[in-house]
Amino acid sequence: MTDTRPPSGNEASIPPCQLLIVTGKGGVGKTAVATALAAQSARNGKKTLLTIYEREDVVHPLLGTKVSYELRKSRPNLWVSRLDSRLSMKEYIHRTVPLHLLYDWIIDGKVLTQFTDAAPGFDELMCLGKLYDLCEGSDGKAHFDTIIFDAPATGHCALMLRTPKVTAETVRTGPLFQNAMRVHNILADHERTCVLVVALAEEMAIQEGLELQEYVRETLQFNTGPMIVNRLRQPRFSAGEIEQLQQADTSNEEVRVIIEEAAAHHALTSLQRGYLDNLRTKSSRVLETPQVIQPTFQTGNLINAMAASLRPALREGK
Amino acid sequence: MDLNIPELVARQQILLCCGSGGVGKTTTSAALALLGASQGRSVLVLTIDPAKRLAQAMGLDSLSNEPQPIDISALSGVANGGSLHGMMLDTKRTFDNLVERYAPNEDVRQAIIDNHYYQHISSSLAGSREFMAMERVYEIAVDHDYDLIVVDTPPSQHALDFIDAPQRMFDLFEGRFLRILLKPAQALGKRSFDMFRRSSERSLRFMERLTGYEFLADLADFFLAFSDMFEGFKERSERVRELLGQPNSSFLLICAPEPASLNEAERFFQRLSGENLPIAGMIVNRVHVAKAPDSPSQATTDAIARLAAQIDGDAGNGSLGERLMLTNREQHELAHADAASIESTEVARNGIAIQRVPLFEHDLHSLEDIQAFAGKLCAQ
């Protein structure tokens, strides 16, 4: 394994909130960052839950643990689950409506399913409702010190985060209003919830990340943490070295290729550093996570390397 | 099997690019469209919320809900008659147009536009964007005369939301929920929901308990107004589905070689196959490639060591020779990891044509950049 030295730029820290919502443009490695954060939090002795947004039970791609709506323990101090709107609704009804057995035919039946499938925002609201329950421990289950939500990508996440407020404004009164506001309030509580945006050191990913951060901070007025810039490679060559290598006279084709690869490495890291420097002029809170390269892909190595780079940013102990 | 992209772009009328976000889907769509235009076809690319930079790269300040011409005259290698238009989906505008088209009269139209619930769903909540994207594709296919339409589908959380969303809405319209909700008003021939309170339906009373009266009343008013237009909507949606299933339409799976992205492509593949929709192939962007053999020969290693010794290295950063060999080894590891990930997909095992596009190391700033990317897209 290479390139896993903790990057130099990790002076920013992640706010000690109970709920960390991890999002970012698609393809930036949100899941890896969320999983690494959860792994490191668990190692720091915090009782941690990693929860994901999936419609069906899946095997977690990095932990290898089965993920279902019911909490499952994956490692010491680390539990996993997925959010599911229909199961959340059922659970909620069972808890709040007396004589709920009378209603199960409605809950499981087509009538309500058709409504909930087509009602925009319903899925998001119910999932956030479950997240609220997990934070409050109001479902009677264990209380977690840290809950990491591996949230949908940028656009969908922005819609999701504003759904409770929009719902409350649409409904205006009644129980749905009250519940939506309750969920909104916990998301808006800066002490409790923080939105973490993951990006790559690429123009579009950073731009989209900055826009989302601004939307979350200014429009929704939620707390945002440092931007996490993922898949960084450490500079390895100087410009002078590359220049001299490219001028070298060689007839060996393999040597040519190796020089080309070094030049490409240099171009990539220079580009990445350029975007990072530019980002730092706009935001002082930046965290770097490495591109992890290994002879054969092993998820454990990936998580360990990324968790190590995030360790300085996470407060230890309770 | 390799994917023959030039042939696909020359032959098809509709190309739908599917995939999760962040895998170069919008860029790929733009490049495919430009390729079609270069072949002399008249092409439209419909994108969903493109980065501003890409719109600028196509020579536009921004894209709008109507097709805008993109000036490709300065590009080399464009065949006679080739033209390119770009547009961006405006969900609310498209939804409003649809209401306009199918509302039986002005009162109904206004009632819908003013309805709280309509404002809620027509803006940008999940599902409606997917519905409207397909609606717009149909509109364009029928009203305009493009040889090729390239669609950059919305990056949904769930595969094929753009096909499922309309169906979910129709299930709702035809289902018992609405019959129960609307019965009291319809029985009296009324266009409002005030009879609801007297309904004895248990499921309604139950819903009211969960959501409150106001919400259900808004909802019922919305559906009452909408019920007259429902047939028109449904028929239209069926035609959209037909359009997507015809032989001139193809789906392309766009992804990156990371496991998460390939998983997503896999799900698209399963759903599309399940729906009997035509998959032309998979395009994997940002693939690492290694050009040299796996382990360099002793001669090469020696040559590198000699070369490195002649160069003023960066002190304190390890020997230049070692760094060069390390970089070479890493490139192999990255290339192997990508190749193995791609080969292990069900898509590959099913013999679907795959095009691997090497990692493009810089951002796209101009039409020339998009054209260069298109070149990589077609390279065999």
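Residues numbered from 1 in each chain as written. Chains lettered and ligands numbered in written order. Predicted model: local features only at pLDDT ≥ 70, side-chain atom pairs only at ≥ 80, totals over all residues. Heavy atoms only, no water.

Participant: Residue-level account of the nonpolar core, with values.
Facilitator: The tendency in soluble globular proteins is for nonpolar side chains to be buried side by side. Ile14, Val22, Leu37, Leu50, Ile148, Leu196 and Val229 of chain A are the most contacted members of the largest nonpolar core, which totals 50 residues. Apart from residues lying up to four places away in sequence, isoleucine 148 of chain A is in contact with Leu20, Val22, Ala34, Leu37, Ala38, Thr48, Leu49, Leu50 and Thr51 of chain A. If you look at the next biggest cluster of nonpolar residues, it comprises 42 residues, including Leu32, Ala57, Leu60 and Ala374 of chain B. (Core = buried A, V, L, I, M, F, W, Y, C linked by side-chain atoms within 4.5 Å. Buried < 20%, exposed > 50% of the residue type's maximum accessible area, 1.4 Å probe, protein only. Contact = heavy atoms within 4.5 Å.)

Participant: Describe the sheet that holds strand β10 (residues 286–290) of chain A, naming the residues involved and giving the relevant values.
Facilitator: Residues and elements named next belong to chain A. Strands sit in the order β5-β6-β2-β7-β1-β8-β9-β10 across an open sheet of eight strands; the sheet is mixed. Two strands lie at the open edges of the sheet, namely β5 (72–75) and β10, each paired on one side alone. Pairs of neighbouring strands in the sheet enclose a mean axial angle of 25°, with direction left out of account. One ladder, built from four bridges, connects strand β1 (residues 19–24) with strand β7 (residues 146–150); its direction is parallel. Within the sheet, the bridge partner assigned to leucine 19 lies in β7 and is isoleucine 147. The strands touched by helix α6 (residues 154–171) are β1, β2 (48–53), β7 and β8 (193–200); relative to β1, the strand with the most contacts, the crossing angle is about 140°. Set on the sheet, helix α11 (residues 299–310) makes contact with β9 (227–232) and β10; between it and β10 the angle comes to about 155°. (Pairing = 2+ DSSP bridges. Helix = DSSP H or I, 4+ residues; strand = E, 2+ residues; numbered from the N terminus. Axes fitted to C-alpha atoms, helices over the stretch in contact; angles between N-to-C directions.)

Participant: Summarise the pairing of β2 of chain A; cite the residues concerned and give the values.
Facilitator: Residue and element names in this part refer to chain A. The buried fraction of β2 is high, at six of six residues. Burial of the side chains of β2 extends over both faces: Thr48, Leu50 and Ile52 are buried on one face and Leu49, Thr51 and Tyr53 on the other. As judged from the six bridges shared by β2 and strand β6 (residues 78–83), these two strands associate in the parallel manner. Its bridge partner lying in β6, threonine 48 is registered against leucine 78. Where β2 and β7 come together, five bridges link them in parallel fashion. Counterpart to threonine 48 in the pairing with β7 is threonine 146.

Participant: Please give an account of the packing of helix α4 (residues 91–102) of chain B against helix α5 (residues 106–114) of chain B that cites residues and values.
Facilitator: All names here are of chain B. At their nearest, the axes of α4 and α5 sit 9 Å apart, and the two run at 155° to each other. Regarding the angle of α4 to α5, the classification is roughly antiparallel. Note that α4 runs across α5; the crossing there is right-handed. Contact residues: α4 offers Asp96, Val99 and Glu100, while α5 offers Arg109, Ile112 and Ile113. Across the contact of α4 with α5, the residue classes tally to three nonpolar, no polar and three charged. (Parallel < 35°, antiparallel > 145°, perpendicular 65-115°, else oblique. Left-handed = near helix turned anticlockwise from the far one by under 90°. Nonpolar A, V, L, I, M, F, W, Y, C, P; charged D, E, K, R; others polar.)

These figures come from the coordinates and say nothing about function on their own.
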